[in-house]
Number of protein chains: 4
Amino acid sequence: MKIRFITTGGTIDKIYFDALSQFEVGESVIEHVLKDGLVDFEYDVVALFQKDSLEIDDDDRKLLREYIEKDDATHYVITHGTDTMPETAGALGDLDGQTIVLTGALTPARFRTTDAVFNVGMAVATVQVAKPGVYIAMSGQVFDAGAVRKNRAENRFEATQ
Amino acid sequence: MKIRFITTGGTIDKIYFDALSQFEVGESVIEHVLKDGLVDFEYDVVALFQKDSLEIDDDDRKLLREYIEKDDATHYVITHGTDTMPETAGALGDLDGQTIVLTGALTPARFRTTDAVFNVGMAVATVQVAKPGVYIAMSGQVFDAGAVRKNRAENRFEATQ
Amino acid sequence: MKIRFITTGGTIDKIYFDALSQFEVGESVIEHVLKDGLVDFEYDVVALFQKDSLEIDDDDRKLLREYIEKDDATHYVITHGTDTMPETAGALGDLDGQTIVLTGALTPARFRTTDAVFNVGMAVATVQVAKPGVYIAMSGQVFDAGAVRKNRAENRFEATQ
Amino acid sequence: MKIRFITTGGTIDKIYFDALSQFEVGESVIEHVLKDGLVDFEYDVVALFQKDSLEIDDDDRKLLREYIEKDDATHYVITHGTDTMPETAGALGDLDGQTIVLTGALTPARFRTTDAVFNVGMAVATVQVAKPGVYIAMSGQVFDAGAVRKNRAENRFEATQ
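Residues numbered from 1 in each chain as written. Chains lettered and ligands numbered in written order. Predicted model: local features only at pLDDT ≥ 70, side-chain atom pairs only at ≥ 80, totals over all residues. Heavy atoms only, no water.

A. A look at the overall build of chain A. A tally of regular secondary structure across chain A gives 4 helices and 10 strands. Secondary structure of chain A in N-to-C order comes out as β-β-β-α-β-α-β-α-β-α-β-β-β-β. Computed over the C-alpha atoms, the radius of gyration of chain A is 15 Å, within 12% of the 15 Å expected from 2.2 N^0.38 for a compact globule of 161 residues. A principal-axis box enclosing the C-alpha atoms of chain A has dimensions of 45 × 35 × 30 Å. Looking at chain A as a whole, 60% of its 161 residues qualify as buried. Within chain A, contacts between residues at least 6 apart in sequence are counted, and of these 62% link residues at least 24 apart. When the accessible surface of chain A is summed, it comes to about 6,400 Å², and 44% of that surface belongs to carbon and sulfur atoms. Counting 16 positive and 27 negative side-chain charges, chain A places the centres of these two groups 3 Å from one another. (Helix = DSSP H or I, 4+ residues; strand = E, 2+ residues; numbered from the N terminus. Rg over C-alpha atoms; globule rule 2.2 N^0.38 Å. Buried < 20%, exposed > 50% of the residue type's maximum accessible area, 1.4 Å probe, protein only. Contact = heavy atoms within 4.5 Å. Areas by Shrake-Rupley, 256 points an atom, 1.4 Å probe, with all protein chains shown as cover. Lys, Arg positive; Asp, Glu negative; His and termini not counted. Charge placed at Lys NZ, Arg CZ, Asp CG, Glu CD.)

B. Broad picture of the sheet that holds strand 6 (residues 99–103) of chain A. Residue and element names in this part refer to chain A. Read from one edge to the other, the open sheet built from 6 strands follows the order 4-1-5-6-7-8, with strand pairing classed as mixed. Looking at strand neighbours, the two that pair on one side only are strand 4 (42–47) and strand 8 (141–144), the edges of this open sheet. Averaged over all pairs of adjacent strands, the angle between strand axes in this sheet comes to 25°, irrespective of strand direction. The pairing of strand 7 (residues 133–138) with strand 8 spans 4 bridges and is classified as antiparallel. Paired with methionine 138 across the two strands is glutamine 141, which belongs to strand 8. (Pairing = 2+ DSSP bridges. Axes fitted to C-alpha atoms, helices over the stretch in contact; angles between N-to-C directions.)

C. Examining the interface of chain C and chain D more closely. Taken together, the contact pairs 31 residues of chain C with 31 residues of chain D. In this structure, the connection of chain C to chain D is made through 2 salt bridges. In this structure, the salt-bridge partner of aspartate 40 of chain D is arginine 156 of chain C, at a minimum N-O distance of 3.7 Å. The interface formed by chain C and chain D holds 8 residue pairs in polar contact (both at pLDDT 80 or more) in total. Among the secondary structure elements, those contributing two or more residues to the side of chain C that touches chain D are helix 1 (30–36), helix 4 (116–129), strand 8 (141–144) and strand 10 (156–159) of chain C. Ranked by residues supplied to the side of chain C that touches chain D, first place goes to helix 4 of chain C with 11 residues. Residue classes in the side of chain C that touches chain D are distributed as 16 nonpolar, 11 polar and 4 charged. (Salt bridge = Lys/Arg side-chain N within 4 Å of Asp/Glu carboxyl O. Polar contact = N/O pair within 3.5 Å; in protein donor to acceptor, adjacent residues only side chain to side chain. Nonpolar A, V, L, I, M, F, W, Y, C, P; charged D, E, K, R; others polar.)

D. Quick peek at the relation of the copies chain C and chain D. For the match of chain C to chain D, the screw axis carries a shift of 0.0 Å, the RMSD comes to 0.0 Å, and the turn is 180°. Such a combination of turn and shift is consistent with a two-fold rotation axis. By residue overlap, the copies meet face to face through one surface: 100% of the interface positions of chain C are interface positions in chain D. (Least-squares fit on C-alpha atoms with pLDDT ≥ 70 in both.)

E. Up close: the packing of helix 4 of chain C against helix 4 (residues 116–129) of chain D. Following both chains from N to C, one finds helix 4 of chain C and helix 4 of chain D inclined at 40°, their axes separated by 7 Å at the closest point. When the axis of helix 4 of chain C is compared with that of helix 4 of chain D, the two are oblique. Our pair here, helix 4 of chain C against helix 4 of chain D, has a crossing hand that is right-handed. Contact with helix 4 of chain C, carried on its side by Val117, Phe118, Val120, Gly121, Met122, Val124, Ala125, Thr126 and Val129 of chain C, involves Val117, Phe118, Val120, Gly121, Met122, Val124, Ala125, Thr126 and Val129 of chain D of helix 4 of chain D and no other residues of that element. For the contact of helix 4 of chain C with helix 4 of chain D, the class distribution of residues is 14 nonpolar, 4 polar and no charged. (Parallel < 35°, antiparallel > 145°, perpendicular 65-115°, else oblique. Left-handed = near helix turned anticlockwise from the far one by under 90°.)

F. Expanded view of the packing of aromatic side chains. Residues and elements named next belong to chain A. For the structure on display, the rule yields 10 aromatic pairs over all chains. With a centroid separation of 5.7 Å and an interplanar angle of 85°, the aromatic rings of phenylalanine 5 and tyrosine 43 are classed as edge-to-face. Separated by 38 residues along the polypeptide, phenylalanine 5 in strand 1 (residues 2–7) and tyrosine 43 in strand 4 bring together distant segments of the chain. Judged by its relative accessible area of 1%, phenylalanine 5 falls in the buried class. Linked through ring pairs, Phe5, Phe41 and Tyr43 together constitute an aromatic cluster. (Phe/Tyr/Trp six-rings, centres within 6.5 Å; stacked < 30°, edge-to-face > 60°.)

G. The arrangement of the environment of aspartate 96 of chain C in detail. Residue placement: aspartate 96 of chain C occurs in the loop between helix 3 (85–91) and strand 6 (99–103). Each C-alpha atom, one on aspartate 96 of chain C and one on lysine 150 of chain C, is 25 Å from the other, the two residues being 54 residues apart in sequence.

H. Region of interest: the pairing of strand 9 (residues 148–151) of chain A. All names here are of chain A. Here strand 9 runs beside strand 10 (residues 156–159); their pairing, made up of 4 bridges, is antiparallel. Among the inter-strand pairings, valine 148 is bridged to a residue of strand 10, identified as alanine 159. Where strand 9 folds back onto strand 10 in an antiparallel hairpin, the turn is made up of 4 residues, including asparagine 155, whose phi is positive at roughly 55°.

I. Inspection of the side chain of threonine 114 of chain B at higher detail. With respect to the helices and strands, threonine 114 of chain B occurs in the loop between strand 6 (99–103) and helix 4 (116–129). At 3.1 Å, the side chain of threonine 114 of chain B forms a polar contact with the backbone oxygen of proline 108 of chain B. Non-local contacts of threonine 114 of chain B, meaning those with residues more than four positions away in its chain, are made with Asp36 of chain A together with Thr107, Pro108 and Ala109 of chain B.

J. Structural view of the interface of chain B and chain A. Residue-level contacts link 31 residues of chain B with 31 residues of chain A. Here chain B and chain A share an interface that buries about 2,300 Å² over both sides, 67% of which is from carbon and sulfur atoms. Counting across the chain B and chain A interface gives 8 residue pairs in polar contact (both at pLDDT 80 or more). Looking at the side of chain B that touches chain A, the elements that each hand over two or more residues are helix 1 (30–36), helix 4, strand 8 (141–144) and strand 10 (156–159) of chain B. For the side of chain B that touches chain A, the leading source of residues is helix 4 of chain B, giving 11 residues. Per-class residue counts for the side of chain B that touches chain A are 16 nonpolar, 11 polar and 4 charged. (Buried area = accessible area lost by both parts, 1.4 Å probe.)

K. Focus on the relation of the copies chain B and chain A. Turning chain B through 180° and shifting it by 0.0 Å along the axis lays it on chain A, with an RMSD of 0.0 Å. A high fraction, 100%, of the interface residues of chain B reappear at the interface in chain A, so the copies pair face to face through one surface.

L. Layout of the sheet that holds strand 6 (residues 99–103) of chain D. Residue and element names in this part refer to chain D. As summarised here, the arrangement of the 6 strands in space is 4-1-5-6-7-8, forming an open sheet in which the pairing is mixed. Edge strands, defined here as strands with exactly one partner in the open sheet, are strand 4 (42–47) and strand 8 (141–144). Strand-to-strand, the axes of this sheet are offset by a mean angle of 25°, without reference to chain direction. Across 6 bridges, strand 1 (residues 2–7) lies against strand 4 in parallel orientation. Looking at the pairing, isoleucine 6 lines up with valine 46 of strand 4. Across the sheet, helix 2 (residues 58–70) is in contact with strand 1, strand 4, strand 5 (75–79) and strand 6; its angle to strand 1 comes to roughly 160°.

Right under this line is the structure:
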């Protein structure tokens, strides 16, 4: 089985530029995370866009959806900012035939302490084990698209029902 | 859903004592890994033994099996040394009704670069998503017990068929 | 010999809040850095303020200077934002009798890859070894106050002569 | 000023081989540590040998001493195992004209939590600031060669007087 990773930006890929005192989305860390995970499966990485998820709009979601519809892969892990991850999962929710897992991080992967590696590990397992559908892997849990929200006050994902 | 973690030792928990220039199995790192993963589910941790997996024998496997048989949990993640992880998975393979995922690490979790966090993330997702059975989550893959071996020369896990 | 650490904020102490997508100065990491460094000397930590160094003004520098003048310690390590570290060093430059070393980081100490630990190690050695005076320890070098600038384009400290 | 790093092995460079369940001296991490430290000075690295310091004998110390005597550099940082670091410092103690700082680590540099980076930072500052002589930078302190021992029970370096 081959996994195609699609990166869209978000906190997981945030880097810090001291000269500007800014914190921006940078090159994706996904390949570093997979290398550290000593993974042994076929994969590739498609960098679709690099945005804070608050900046991802309906056009971006349409682009992502059309990309997958026209694409030939069957197993996707999508890294995405957390704030609108449930919305993007919802926009992909009725795709048919693929297994799609969205994940990301509440703390940048470049931090010494981060949830990014754990979350990508969850997503990689879920995409292999779950039946076709759209899922979110965050907060140590695997949620069905359409049944999950980010609780911003608590900084975690939770089921909506 | 509640996950019960059972720790048995192995490289994942290896620590280094400089004074003796030895490298021994120490306290389990599982709770640190879960904390970094920002997980939000109910769990507990049972430290059953602390052994290199080459030292785990049939009595230990019997003890582990009986522990689970008499126990009331339904979802288990077992951290275990890698060298005999497939043997232990095989010894649990016909348990009925529980979902059991074994994982560990090829490099100690206390290392700056380690596969431990990724692997535990995989195991936590698998135990939630997979149907009851016994699995191994290593090398970025989820294997069925009885269909996996450690390839020591290549330092990775692979399907036997 | 006792070392008194004074923290003033800066990139070294930057933390990231996902909920707000902001990156702010947080609790000082100095004690974590010293603990990881397995140091064995007497010290204490005074948190004087928590500011980006671009926000540190002449009143703040006066406050810092007066704090040290009235204080009873003889060896100081000051953690400080990098953008105006040379200015603050200059404002302390004619203090007499103390050994004062300013340091900080170009990348937050909470990052997996950071110069913070190296820099604090340099500062701790310099404050013990150098004769009384004011120094900056950054970019792998120890500079005299008044003879150093931050080269923002190159993101490093360099001698002015 | 140019710094010449001489590596001799020791815990700082220990790596872990899972296949063999061994923990051995590997390639030196010094260049990674300097890169993370964002250092900006001229340096090179000479890998003289790779030994546990308990295996370093008088012939090795003679080799190291003769290497430095015949060499043209003036500032040296030597990474070394901790158990016999004071003996090696003593064997170099009457060299004349160079500034030599020995350092190492009580925990491997490849660990997530290690004293290696802090210690190398200390050594780099000391070799720039101290007057010619032989020093040990460990446990957050800078010691004169001949006045320091490793307290194995406490796992730290301390002055002998």
